[in-house]
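# A look at the structure
So you can see what is in the structure, the chains are spelled out below.
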Amino acid sequence: MYRKILIDTNQRDLQRIMWKTSADAPVKTYKQATVTYGTVSAPFLATRTLKASADEEKAEFSDAADVICNDSYMDDILSGESTLEGAKKLQTRFSQLLLRGGFGLHKWVSNSPELLKDLSASSYVFDKEFRDAAVKT
């Protein structure tokens, strides 16, 4: 998620990286254009960006915006509905709201297989073959 959050161009000077390939090489300066995972401010910026997206889209997606504001922890959303139909509707509206901000969702978990059946497998299941190939390399 962090790499999808763009930093304002006026603030990029504050995220400089100085790099040298060797002791006698010239210093190269890079400016990060996105939030960098592992920095102290990254969790705040992620949470604040989600809340800003919810605030901007609250008129059209009030139910999904409420979930973001009340049921999120860092970049995870922990929420539910009392009926399967309500959960499907919320899932769709939540996805639509976040897509407007440039965020795609993955890692869906549910106690109802029916809620997961319309999602692609890559959206919520770690591919075992990919994992095994990554371990071998």
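Here is a short report on the structure shown in this document. Everything quoted here is computed from the prediction, not taken from an experiment. (Residues numbered from 1 in each chain as written. Predicted model: local features only at pLDDT ≥ 70, side-chain atom pairs only at ≥ 80, totals over all residues. Heavy atoms only, no water.)

Counting its regular elements, the chain contains 6 helices and 4 strands. When the helices and strands of the chain are read in sequence order from the N terminus, they spell out β-β-α-α-β-β-α-α-α-α. Considering the chain as a whole, with its 137 residues, one finds that 25% of them fall into the buried category. For the chain, the exposed area adds up to about 10,000 Å²; of that, 55% sits on carbon and sulfur atoms. (Helix = DSSP H or I, 4+ residues; strand = E, 2+ residues; numbered from the N terminus. Buried < 20%, exposed > 50% of the residue type's maximum accessible area, 1.4 Å probe, protein only. Areas by Shrake-Rupley, 256 points an atom, 1.4 Å probe, with all protein chains shown as cover.)

Okay, the side chain of T36 next. Following the sequence through the fold, T36 ends up in the loop between β2 (28-31) and α1 (42-57). T36 has contacts with R3, Q15 and A42, leaving out every residue within four places of it along the chain. (Contact = heavy atoms within 4.5 Å.)

Below, the discussion takes up the side chain of S53. For S53, the position within the fold is in helix α1. Other than its neighbours up to four places away in sequence, S53 contacts L97, G101 and F103.

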